[in-house]
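In case you want the letters, here they are:
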Amino acid sequence: MKLQLPKITRTTLALYAGASGDHNPMHIDLDVAKSAGMDDVFAHGMLSMAYLGRLLTANVPQERIRSYSVRFTSITPLYAEPTATALVTKVEDGLTHLDLTMELADGTVTLKGSAVIEGELAA
C-alpha cells in the first residue's frame, strides 16, 4: 500500500513546533540551519515519523495497530513530498507484519520502519 503525503512547508514546521513545543531552531530558523551547514531548515524527526504513521491510520483503525517503530535514514527536507509505502512481510497468528518506508521523489529513503497490525489489510 502507498500513500502520497502532503508537502512539508515552513507553515507545517511552524504548526508542528507550536503544537509539540519543539522549537529547535534547526527546524524553524534559516540562519541557524545555514550556520550548521544546511541549505535550509528541515522536518522534525517526530513530524516525519507522524507522516509515515499516516499510512497506517489511513488504512487501519488505530485500535488494530499493535506496534510501530521507525529509524531515520536521512533528513526530510523542506518542500519534500514524501511517499509512504508498506509491504506485508508476514501474516501469522492473526497479525500482519509490515515493512514501512518513506521515500522522496528523488529516491532518497528518509525513514524505514515496521509495524504489526491485528488482522489483515483490506485488499
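As a starting point, this report considers the structure included with it. (Residues numbered from 1 in each chain as written. Predicted model: local features only at pLDDT ≥ 70, side-chain atom pairs only at ≥ 80, totals over all residues. Heavy atoms only, no water.)

1. Topic: the packing of aromatic side chains
- The full count for this structure, using the stated rule, is zero aromatic pairs.
- Its guanidinium or amino end placed over the ring of Tyr-51, Arg-54 lies 5.8 Å from that ring's centre, counting from NZ or CZ. (Phe/Tyr/Trp six-rings, centres within 6.5 Å; stacked < 30°, edge-to-face > 60°. Lys NZ or Arg CZ within 6 Å of the ring centre and 35° of its normal.)

2. A closer look at the pattern of salt bridges
- With the rule as written, the count across this model stands at four salt bridges.
- Measuring nitrogen to oxygen at the nearest pair gives 4.0 Å for the salt bridge that ties Lys-7 to Glu-81. Taken together, the residues Lys-7 in the loop between β1 (2-4) and α1 (10-20) and Glu-81 in the loop between β2 (65-72) and β3 (83-92) connect sequence positions 74 residues apart.
- For Lys-7, a relative accessible area of 39% puts it in the partly exposed group.
- What makes Glu-81 partly exposed here is its relative accessible area of 43%.
- The closest approach of N and O atoms between Arg-66 and Glu-118, which form a salt bridge, is 2.4 Å. Taken together, the positions of Arg-66 in strand β2 and Glu-118 in strand β5 (residues 109-118) put the pair 52 residues apart, joining distant regions of the chain.
- Overall, Glu-118 belongs to the partly exposed group, its relative accessible area being 37%. (Salt bridge = Lys/Arg side-chain N within 4 Å of Asp/Glu carboxyl O. Helix = DSSP H or I, 4+ residues; strand = E, 2+ residues; numbered from the N terminus. Buried < 20%, exposed > 50% of the residue type's maximum accessible area, 1.4 Å probe, protein only.)

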